[in-house]
Amino acid sequence: MKGVLKKISQINFGLMSPEDIRKMSVTKIVTPDTYDEDGYPIENGLMDPRLGVIDPSLKCRSCGSKGGDCQGHFGSINLARPVIHVGFADTLHKILRSTCHSCGRILLTDSEIVDYKGKFEYLMNNEDSLTNIIKEIYTVARRDKCPHCEEEQEDVKIDKPVSIVEGNYKLTPSEVRERLEIIPDEDALLLGVNPEVARPEWMILTVLPVPPVTVRPSITLETGERSEDDLTHKLVDILRINQRLKENMEAGAPQLIVEDLWELLQYHVTTYFDNEASGVPPARHRSGRPLKTLAQRLKGKEGRFRSNLSGKRVNFSARTVISPDPYISINEVGVPDLIAKEVTVPVHVTEWNMEEMKECIRNGSDVHPGANYVIRPDDRKIRIYEETKEAVIDKLEPGFIVERHLKDGDIVLFNRQPSLHRMSMMAHEVRVLPYKTFRLNLCVCPPYNADFDGDEMNMHVFQTEESRAEAKTLMRVQEHILSPRFGGPIIGGIHDHISGAYLLTRESATFTEEQVFQILRKAKMAIPDRTGETWSGKQIFSLLLPNDLNMVYKAEICRKCDECLKRECKNDAYVVIEDGQLLSGVMDEKAYGAFAGKILDHIVKEYGTDRAREFLDASTKLAISGIMKAGFTTSTNDEEIPLEAKERIEIHLHKAEEKVDQLIEAYENHELEALPGRSLEETLEMKIMQVLGEARDKSGEIAESYFDINENHAVIMALTGARGSMLNLTQITACVGQQSVRGGRIDRGYNERTLPHFRKGELGAKARGFVHSSYKEGLDPIEFFFHAMGGREGLVDTAIRTAQSGYMQRRLVNALQDLNVKEDGTVMDNRGVIIQTTYGEDGVDPAKSDYGKVVDLDKLIDEMRIKSGK
Amino acid sequence: MKHEMVPDHAVLSKSESNKVLKKMDIHLEQLPKIKSDDPVAKSIGAKEGDILEITRKSSTAGKFITYRLVKD
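Since we're looking at a predicted model, the values are computed, not measured.

### Considerations on the overall build of chain B
- A count of helical and extended segments in chain B gives two helices and four strands.
- Starting at the N terminus and walking to the C terminus, you meet the elements of chain B as β-α-β-α-β-β.
- With the principal axes as the frame, chain B shows a C-alpha extent of 30 × 30 × 20 Å.
- Here chain B, with 72 residues, has 33% of them falling under the buried criterion.
- Sequence-distant contacts in chain B: of pairs separated by 6 or more residues, those separated by 24 or more amount to 56%.
- Looking at chain B as shown, the accessible area adds up to about 4900 Å², and 52% of this sits on carbon and sulfur atoms.

Spelled out as structure tokens, the structure:
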């Protein structure tokens, strides 16, 4: 088989004739046994040596090649009586229904035949699909009387899966076959059976092909027992019944017994092809497990197509649970030593790395920087064992390939499913670490959408220099800090990075020199000379900023006051950086957070990805040391408000509910004016929603006014954008607010009311799902029920959304995957046809753009203003 | 043709067509197609084999020029 290269010019699909099957067969299979007492395969048995060999030490009796090279040969079983092939039962039924049972002609008039033949030729010449016209013929060709021989036709029915019944008489497969044999070739063509490659009667089996042993290998268990493949079991059944049927027929047994056996043979052949055919009890193994026969091997998710042909398993890959490590770089991935010793990198031995490779071999496969295999120039692969080590080292010379263990600095591909965008697969540098999980920097959680509640990720090791080089330039994590989705950073600080930076840089944060040195030491930053002065947190953070950085922006904590006080901002939300010194403003999500970080964004765009990586690694480490210096925790105490506040909220909510009642009263008295384009009911709903929405927001504001951002960690997190929102806090402390289903207030349940606790047609706040209580106070049963309704809708929506968007993405990707952007920016498909003359019509790579634009002029002007303003 | 949603179409002369093809380094067949019985093609009298230059508004680039080959 080796070295045979041929180009496929055409593929024809057809049926195998009994002659074809016999010609292909190397032996007739007669005995239902496999091996004799000595363990040798029986001649003419199911394991006949002519069917091919598996054992590499044996030679095939049919083709002479060794086991492994011989792909196997088919045998055949002569069936004592013909049986119907399950896969064709439907087609057979349709053909019988459309042909005359006595003369075998198609049930079409001569003029119809001429008509359809013309259409057939036309479609075939145009290489168009014939499916529709064949379907039409099958519906037209149903007559009570044959137009050719005037014979009355009886209705032919199919009794699933394989019985064909005419009137009240069940046709035997032999009778069916006789009828099919007399169908002329021209008529068969109109029925969709191309006489060049198939005949209708070939759908009835008279001889059964027996697949080679390579298709159904037997397994030898540890106990020495042989266990046969399911297919072999099924073939044994077929042979047994076939044998009995033949004997009974020869002995002239009564018709009834023969028919029973025939039926049984039909059952076994049916389940041999498909063990899940409807109407047939599945054939079972001795243990009660249904057998996996031919159709089951191919079908479904675990079938040959979906799991072996569309999907493949790969070598040099690893998968394990992930956990965080804030002290490794974003470019790195922590690889457990266990994995590092398993997956390998092929290294070509040269004079220069000879010693290193010898050292690896000396370490062997159990000690870390070791090696597992050596490949000689003649392509022989040698496993390194304790005993063979020295011999291998002696023979080692340039030209050998050593498969050495993964070590620090190797480039690997790291991936988390679902791989929805290109940042789901990025190249990382290896860092071999103890224990059993992959470690990754927290900043790369957003692009992978990873967390550490048990997520697992995959790692693939590059095997060629080209792939490594390509991955290093195109796929490295630092090259993906900016997302092509919106041209801003997708990798950046999260959670405690942001809280930490805030605690460090807020106005009140001052540190003694001793404390500063402790923080810097912990963050592994350079320790400056002693000056004896106290430091502000802003000064510490400025150490990380490039010396020529100039920026102005409003921080995440900005309250969007009517008049901006700029540098005198009370919240310290106006960030000014001059020559790399943070003069005012705090560092929060807008500084270097994922999806929002302005400073990070600026550094990537102006100073390049190397600098950005350094900044991100250092600033997150600094923030972590900062947060550890201060300590950070939250509890429900953070959502505690004084009694006075509770009373104010209560009064406010009460007023809002009264307002709703007034609106309803106005509506009932027909005093309500409809808004333009809305009915009276819609107007009422809108107004109520508005009042209740405002009520919740206002109660939140009241609660908020009692929070102290300097003391309250929950508020720090919400305002800096680290985690949670003010709305979350409002719902915990003040009021949960209106629950909604389908975008409106809750209006379903009982007849004209949501629950039997209310009057029919009641429209009040509570009756339609307004939750007055806060989470902390607790919900009453009615509120709880409405809350569950709203919550359920949320869950269902997310489930549906993921399914729908997943399918949409799949179709989009399938449509776009072969498109290609050429050097001059034209977008072409794989045939070279132009799709777009300039990519995106403006030729901009969004990942290299400034939030989708080539330049942001306002930003440039702002920077220049700072430079010239000093 | 006067409607704001219909972009400007213009038939290119032979020399202009060749220039465009040369600039993009492509054969005629690699261009996107437009039917010769397309209302726009009919109204400007484009014949089979002509190249149309289409100038349309673009949300990313402001103005965008593309080409189409007239086919039957």
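### With respect to helix α17 (residues 513-522) of chain A
Residues and elements named next belong to chain A.
- Of the residues making up α17, those classed as buried are Glu-513, Val-516, Phe-517, Ile-519 and Leu-520. On an axial view of α17, the arc spanned by its buried residues comes to 165 degrees, and they lie on one face.
- Close packing links the buried residues of α17 with α16 (496-505), β18 (510-511), β19 (535-536), α18 (537-542) and α21 (609-630).
- Immediately downstream of α17, the backbone of Lys-524 shows phi near 55 degrees, a positive value.

### A word on the sheet that holds strand β2 (residues 33-35) of chain B
All names here are of chain B.
- Read from one edge to the other, the open sheet built from four strands follows the order β1-β3-β4-β2, with strand pairing classed as mixed. The sheet is open, and its two borders are formed by β1 (8-11) and β2, each paired with just one other strand. Adjacent strand axes in the sheet meet at a mean angle of 35 degrees when their direction is disregarded.
- In terms of strand pairing, β2 meets strand β4 (residues 62-71) through three bridges, oriented parallel.

### Details of the interface of chain B and chain A
- With 14 residues of chain B in contact, the opposing surface of chain A contributes twelve residues.
- For the pair chain B and chain A, the summed buried area comes to about 940 Å², and 57% of that belongs to carbon and sulfur atoms.
- Ranking the residues of chain B by area buried against chain A places B:Met24, B:Gln30 and B:Phe64 at the top, with a combined share of 51%.
- Put simply, chain B and chain A have five residue pairs in polar contact (both at pLDDT 80 or more) between them.
- Secondary structure elements with two or more residues in the side of chain B that touches chain A: β3 (51-58) and β4 of chain B.
- By residue number, the principal contributor to the side of chain B that touches chain A is β4(B), which donates four residues.
- Of the residues assigned to the side of chain B that touches chain A, the class counts are eight nonpolar, four polar and two charged.

### Details of the packing of aromatic side chains
Residue and element names in this part refer to chain A.
- Across all of its chains, the model carries eight aromatic pairs over all chains by this definition.
- For the pair Tyr-272 and Phe-273, a centre-to-centre distance of 5.3 Å together with 65 degrees between the ring planes defines the contact as edge-to-face. The two residues Tyr-272 and Phe-273 agree in class, both being buried.
- Ring geometry for Tyr-592 against Phe-615: centres 6.3 Å apart, planes inclined by 80 degrees, an arrangement best described as edge-to-face. On the criterion of sequence distance, the pair formed by Tyr-592 in helix α19 (residues 589-592) and Phe-615 in helix α21 is long-range, its members being 23 residues apart. In this pair, the class of Tyr-592 matches that of Phe-615, namely buried.

### Focus: unusual backbone geometry
Residues and elements named next belong to chain A.
- Here the amide bond leading from Gln-417 into Pro-418 is cis, since omega sits at -5 degrees, within 30 degrees of zero.
- Checked against the element boundaries, Pro-418 lands in the loop between β14 (411-415) and β15 (425-433).
- Non-glycine residue Asp-379 carries a positive phi angle of around 70 degrees.
- With respect to the helices and strands, Asp-379 occurs in the loop between β11 (371-375) and β12 (381-383).
- With a relative accessible area of 66%, Asp-379 lands in the exposed category.
- Phi at Phe-595 takes a positive value of approximately 75 degrees, unusual for a residue other than glycine.
- With respect to the helices and strands, Phe-595 occurs in the loop between α19 and α20 (598-607).
- Taking relative accessible area as the criterion, Phe-595 reaches 42% and is therefore assigned partly exposed.

### A look at the side chain of A:Thr609
- Structurally, the position occupied by A:Thr609 is in helix α21.
- Those residues in contact with A:Thr609 that lie beyond four places of it in its chain are A:Gln478, A:Glu479 and A:Val604.

### So, a negative patch on the surface
Residue and element names in this part refer to chain A.
- Judged by side-chain charge, Asp-144, Glu-151, Glu-152, Glu-154 and Asp-155 come together as a negatively charged surface patch.
- Here Asp-144 is to be found in the loop between α4 (131-140) and β2 (156-159).
- In this structure Asp-144 comes out as exposed when scored by relative accessible area, which is 61%.

### A few points about the confidence of the model for chain B
- Considering every residue of chain B, the mean pLDDT works out to 88; 100% of them sit at 70 or more.
- Both confidence scores are given for the complex: pTM 0.77, ipTM 0.90.

### Focus on the nonpolar core
Residue and element names in this part refer to chain A.
- By size, the foremost hydrophobic cluster in this structure holds 124 residues, and its most contacted members are Leu-406, Met-459, Ile-491, Ile-599 and Leu-622.
- Beyond its immediate stretch of four places on either side in the chain, Leu-622 contacts Leu-504, Ile-519, Leu-520, Ala-523, Met-525, Ile-540, Phe-541 and Leu-544.
- In this structure, Leu-51, Ala-89, Ile-113 and Leu-265 belong to the second largest nonpolar core, which totals 60 residues.

### Re the sheet that holds strand β8 (residues 317-324) of chain A
All names here are of chain A.
- Overall, mixed pairing links the six strands, which are arranged β8-β16-β9-β15-β14-β17 in a closed barrel. Averaged over all pairs of adjacent strands, the angle between strand axes in this sheet comes to 45 degrees, irrespective of strand direction.
- Taken together, the four bridges between β14 and strand β17 (residues 456-461) define a ladder with antiparallel strand orientation. Across the sheet, Phe-414 pairs through a bridge with Met-459, a residue of β17.

### What about the pairing of β2(A)?
Residue and element names in this part refer to chain A.
- Of the strand pairs in this sheet, β2 and strand β3 (residues 163-166) are connected by four bridges, and their pairing is antiparallel. Bridged to Lys-157 within β3 is Val-165.
- Hairpin connection between β2 and β3: a loop of three residues separates the two successive antiparallel strands.

Conventions adopted
Residues numbered from 1 in each chain as written. Chains lettered and ligands numbered in written order. Predicted model: local features only at pLDDT ≥ 70, side-chain atom pairs only at ≥ 80, totals over all residues. Heavy atoms only, no water. Helix = DSSP H or I, 4+ residues; strand = E, 2+ residues; numbered from the N terminus. Buried < 20%, exposed > 50% of the residue type's maximum accessible area, 1.4 Å probe, protein only. Contact = heavy atoms within 4.5 Å. Areas by Shrake-Rupley, 256 points an atom, 1.4 Å probe, with all protein chains shown as cover. Arc of directions from axis to C-beta. Pairing = 2+ DSSP bridges. Axes fitted to C-alpha atoms, helices over the stretch in contact; angles between N-to-C directions. Buried area = accessible area lost by both parts, 1.4 Å probe. Polar contact = N/O pair within 3.5 Å; in protein donor to acceptor, adjacent residues only side chain to side chain. Nonpolar A, V, L, I, M, F, W, Y, C, P; charged D, E, K, R; others polar. Phe/Tyr/Trp six-rings, centres within 6.5 Å; stacked < 30°, edge-to-face > 60°. Patch = residues over 30% accessible without salt bridge, like charges linked within 9 Å, V, L, I, M, F, W, Y side chains within 5 Å. Salt bridge = Lys/Arg side-chain N within 4 Å of Asp/Glu carboxyl O. Lys, Arg positive; Asp, Glu negative; His and termini not counted. Charge placed at Lys NZ, Arg CZ, Asp CG, Glu CD. pLDDT = per-residue confidence, 0-100. Core = buried A, V, L, I, M, F, W, Y, C linked by side-chain atoms within 4.5 Å.

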